[in-house]
Amino acid sequence: MDIEDSQIVDFADTCKIRVIDNDETFAIDESDQNASGPSLQNLVKAGAYPLQRAAGFAGYLNRHSKRMSTLLATESMGYVEKVSGMWKGGKKHYDEPEGLIADGEPHVEGNDEQAAISGDRFRDHFALPETEKLQAAYFGYLHRVLPLYGKIYISDRSFCFRSLLPGTRTKLILPLKDIENVDKEKGFRFGYSGLVVVIRGHEEIFFEFSQPDIRDDCAITLLQNLEGMKFLQESGLLSMEEKESAQNASAEHKALQKARLEENPSHELKLPQSAEESKSEAPPIMFDDPRASILNFKPTESLRITCLTIGSRGDVQPYIALCKGLMAEGHKPKIATHIEFKDWVESHGIAFEPVAGDPAELMRICVEYGMFTYSFLREASSKFRGWIDGLLSTSWKACQGSDVLIESPSAMAGIHIAEALEIPYFRAFTMPWTRTRAYPHAFAVPEYKLGGSYNYMTYVMFDNVFWKSIAGQVNRWRKNELGLQSTSLEKMQPNKVPFLYNFSPSVVPPPLDFSDWIRVTGYWFLDEGGQDFQPDKDLMDFIAKARSDGKKLVYIGFGSIVVQDSAALTRTVVDSVVKADVRCILSKGWSDRLEKKDANKIEVKLPVEIYPIKQVPHDWLFSQIDAAVHHGGAGTTGASLRAGIPTIIRPFFGDQYFFGSRVEDMGVGIAVKKINPEYWAQENGVNTAIQSIYRDMEYAKSLIKSRKGKPSDDNIEDSEESWTFIGDENDPELVKRIHNWDSVAQLGTLNRKNEGLAGSDESGNSIESRFNQKASLQADTG
Ligand SMILES: CC(C)[C@@H](C)/C=C/[C@@H](C)[C@H]1CC[C@H]2C3=CC=C4C[C@@H](O[C@@H]5O[C@H](CO)[C@@H](O)[C@H](O)[C@H]5O)CC[C@]4(C)[C@H]3CC[C@]12C
Ligand SMILES: O=c1ccn([C@@H]2O[C@H](COP(=O)(O)OP(=O)(O)O)[C@@H](O)[C@H]2O)c(=O)[nH]1
């Protein structure tokens, strides 16, 4: 069976298989194949060997690892099972760190040879130095936007992954020193087991395994190597190694650059030169060197590229910048968006096509109800059905005659239009829209960070809710206007669409679980404040006066947002400026928008400290001021960061919370959250504290007794620390325990239901609780 030909190889279903991949061949014999953990027979057979290992390992753990013991304590299988599973399907150990080598373990002739060959291949795959020792390998899935089948390697210095499916070339090398932690999790798919690898800086990558014991084995091996790495770091040995490898890397980088610059026509791929040619049946080609792709891919023909978007100024402006770049490259771009932006787009010499929709109305309901809340969906459902029909139809017309389509996915129509026109389709956006564990969906940013699983789920939920709400309309339109059959998320495969994110990788670092076709390009700045820009004389005088008065100059503007009570917002701004004793340049967009609706409302009078502006290019304005207070729109955030000024974000809806949180995380500004004084008014801290004292009194009493050496209750909930007192192999208590454990295993009474180390001794006490006794004894004496 060739593993590379099989998308999902479930080792549990196979009785006797020979796994062959590029690297090595190893047989997995029947007795090692066990879906739900080892049988009693297996355990007995493996018994003595792993238990010896366990003793050495326990000492190692005891000395070093709290987090490892925590992981073990919550394992899906017992400790014995874990260390006995070294040769099971889907995993292979080559070289154990010293802590795991069993005393008297028989040396198997041929193992060394096999390990040496595997080690060489591993180093070849990842271009690693001779010194890097391969320790174990596993088959599993790297969860990026889509699960990617491949092989996971653990060496004494790195954690690596290599995809095995034909047509994929993903390789990942993670130096162990950059890994912060490893934790197990449920798999995303039924019957699969997940492993989260947390990388320094709080990013995570997620792996899936076909069996929990393979996942557990991988976790343990990795954790054990992380401990080794910690030791190297503490002893200073690592810094010497690092220096050397940095020198090597720099030499290698120079050599690579040289090779790239020197033309070598024999290495040139025959690439399609026109859109027509590229429609061949050949497998898709992915390039991972951005420079090479630009040099090699430039089509010889001029392409008609349509950029389709809806929304506010911030949705259109990046496309103007992109289209100017495309025109300079000789292409014929056009922007298809709301009529409101027609003159502005055309003033840059870019062709324009109208699509249905009133941005102000869209913004109003987004701000009023919050994105994708229940009330938003209800309101959108009743107000926007007609508009969506119009949007789909007008978008279809606007995209006619295109060779390439680039679309903001909020516009909904692009993926279907590209299918009907059979043209290449790209997505582009200002905010995260692609599944990742690193960030939540831009419309689902929680008050506090909730971790990778939450983040990932926000995209799954959003994709489903969004699609389900519009599927009926879209499918009708596909049939009536595009002449296409109905579709579904599975058929569309939106996660496979190449995506261009037009924010900076320094603001939103591209997560490791992004697929290769998801690119974070950097902002598409439209510099309108260049040499041709003539600022208003009054504005220049206001700035000069602030400077001569020694007052700080602050910009306040909330972009395209539309609020219900514009006068109240203006009053808050005025009061704040006066109180802070600063000068302010105020962009009061929110009241302009409501002029039509609230024509009779008296606007708030502005004091002399405030200078009102309509629109001034931020690339110029932000270079004149000391700080910016804004809504956290993607573009305005980019502009204030680029100017290097402190950024204060007051988010109103959607992606603005996301950018607020990024600015805070980067430490370059703050996000002002909505204060809810009622919450604090309801709190009664003193009362809650008194109730807590009463409630926990018994527990506190039990601790007094236990300090005397006799815990009052053997069943006290196990604590994390208990497992760190496993003891060392010379300890008679530990030896006794291992002995008991062995007999437990042989009797087949290992308590698998309780998971982890739990078993029962002769008197029916759980082994865990006896560990706790030991722990407290040690704590007492030591
Ligand atoms: C009818 C259905 C029940 C329902 C599911 C459909 C609802 C649609 C009306 C909304 C679905 C998605 C919404 C939008 C998505 C994204 C948007 C972009 C947003 O961006 C603003 O511009 C800047 C750049 O992107 C950004 O930085 C700034 O912070 C944002 O204010 C503007 C709104 C919208 C287009 C939004 C509109 C409603 C739909 C389409
Ligand atoms: O007077 C203005 C108002 C806005 N902008 C720019 O317009 C874009 C607005 O985009 P954003 O993503 O902040 O969203 P919006 O304000 O449309 O919600 C940003 O690039 C701003 O820098 C500008 O240059 N001058």
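- Under an unreviewed UniProt entry, the name given to the protein chain is sterol 3beta-glucosyltransferase, and the organism recorded is Glarea lozoyensis.
- Its UniProt record gives the protein chain a comment under Sequence similarities (unreviewed entry), which states: "Belongs to the glycosyltransferase 28 family."

### Quick word on the environment of histidine 631
Link 1 in the chain: Tracing the backbone shows histidine 631 in the loop between β21 (627-630) and α19 (634-643).
Link 2 in the chain: By relative accessible area, which is 6% here, histidine 631 ends up buried.
Link 3 in the chain: Once the C-alpha coordinates of histidine 631 and proline 651 are considered, the two residues, 20 residues apart in sequence, prove to be 4.8 Å apart.

### Some thoughts on the site of ligand 2
Link 1 in the chain: Not every one of the 16 residues close to ligand 2 is listed here, only the nearest: Ser312, Gly314, Ser560, His618 and Thr636.
Link 2 in the chain: Take serine 312: an N or O atom from its side chain is 2.7 Å from an oxygen atom of ligand 2.
Link 3 in the chain: Backbone polar atom of alanine 634 to an oxygen atom of ligand 2: 3.2 Å apart, as the coordinates give it.
Link 4 in the chain: Here ligand 2 has 530 Å² of accessible area as a free molecule, and 91% of this is covered by the chains.
Link 5 in the chain: Those elements that provide at least two residues to the shell around ligand 2 are α8 (313-328) and α19.
Link 6 in the chain: The element best represented in the shell around ligand 2 is α19, accounting for four residues.
Link 7 in the chain: In the shell around ligand 2, the residues fall into four nonpolar, eleven polar and one charged.
Link 8 in the chain: Of the residues that make up the shell around ligand 2, three or more belong to each of domain 2 (304-520) and domain 3 (537-705).

### Let's talk about the sheet that holds strand β19 (residues 583-587)
Link 1 in the chain: Pairing is parallel in the open sheet, where six strands are placed in the order β20-β19-β18-β21-β22-β23. Two strands lie at the open edges of the sheet, namely β20 (610-613) and β23 (669-671), each paired on one side alone. The mean inter-strand angle of the sheet, taken between neighbouring strand axes irrespective of direction, is 15°.
Link 2 in the chain: With four bridges joining them, β19 and β20 adopt parallel strand pairing. What sits directly across from cysteine 584, in β20, is isoleucine 610.
Link 3 in the chain: The strands that α19 touches are β21 and β22 (647-649); relative to β21, the one it contacts most, it runs at about 170°.

### Considering the pairing of strand β11 (residues 304-308)
Link 1 in the chain: Buried residues dominate β11, accounting for four of its five residues.
Link 2 in the chain: In this sheet, strand β12 (residues 332-337) lies alongside β11 in parallel orientation, the contact comprising five bridges. Residue arginine 304 lies in a different strand from β12, and its bridge partner there is lysine 332.
Link 3 in the chain: Considered for its hand, the β-α-β crossover made up of β11, α8 and β12 is right-handed.
Link 4 in the chain: By the bridge criterion, four bridges tie β11 to strand β14 (residues 404-407) in an arrangement that is parallel. From the neighbouring strand, leucine 308 faces β14, where its bridge partner is glutamate 407.

### Considering the packing of helix α12 (residues 414-421) against helix α13 (residues 452-482)
Link 1 in the chain: Between α12 and α13, the least distance of the axes is 11 Å, while the angle of their chain directions is 25°. Between α12 and α13, the crossing angle belongs to the class labelled roughly parallel. Crossing of α12 against α13: the hand is right-handed. Residues His416, Ile417, Glu419 and Ala420 of α12 form the contact with α13, whose participating residues are Trp467, Val474, Trp477, Arg478 and Leu482.
Link 2 in the chain: Of the residues belonging to the contact of α12 with α13, the class tally is six nonpolar, one polar and two charged.

Calculation notes
Just so you know, the residues in each chain are numbered from 1, in the order the chain's sequence is written. Each chain takes a letter, starting from A, and each ligand takes a number, starting from 1, following the order in which they are written. Reporting of local features is limited, given that this is a predicted model, to residues whose pLDDT is at least 70; pairs of side-chain atoms are given and counted only at 80 or more, and all residues count toward the totals for whole chains, interfaces and linings. For side-chain calculations, the full set of non-hydrogen atoms in the structure is used, while hydrogens and water are omitted. UniProt positions are given in the numbering used here, feature names are shortened, and annotations may be inferred rather than shown by experiment. Each helix corresponds to a stretch of at least 4 residues labelled H or I by DSSP, and each strand to a stretch of at least 2 residues labelled E; elements are numbered beginning at the N terminus. Exposure is judged per residue with a 1.4 Å probe applied to protein chains only, and the accessible area is read against the type maximum: over 50% gives exposed, under 20% gives buried, and values in between give partly exposed. Proximity criterion: a residue is near a molecule or strand once any of its heavy atoms comes within 4 Å of it. Two N or O atoms form a polar contact when they lie within 3.5 Å of each other; inside protein one atom must be a possible hydrogen donor and the other a possible acceptor, and for residues adjacent in sequence the pair counts only when both atoms belong to side chains. For the area figures, the Shrake-Rupley method with a 1.4 Å probe applies, and any residue is considered shielded solely by the protein chains shown. Residues are grouped as follows: nonpolar covers Ala, Val, Leu, Ile, Met, Phe, Trp, Tyr, Cys and Pro; charged covers Asp, Glu, Lys and Arg; every other residue, Gly included, is treated as polar. Here the bounds of each domain stem from an automatic or database domain assignment. One bridge is not enough; two strands pair if DSSP finds at least two bridges between them. For helices, the axis comes from a line fit to the C-alpha atoms of the stretch in contact; other axes are also lines fit to C-alpha atoms, and the angle between any two N-to-C directions lies between 0 and 180 degrees. Contacts are residue-level and defined by heavy atoms, with any inter-residue pair within 4.5 Å sufficient. Look down the strands so they point away from you; if the path from the first strand over the helix to the second goes clockwise, the crossover is right-handed. Roughly parallel here means an angle under 35 degrees, roughly antiparallel means over 145, roughly perpendicular means 65 to 115, and every remaining angle is called oblique. Two helices crossing with the near one rotated counterclockwise from the far one by less than a right angle form a left-handed crossing, whereas a clockwise rotation gives a right-handed crossing.

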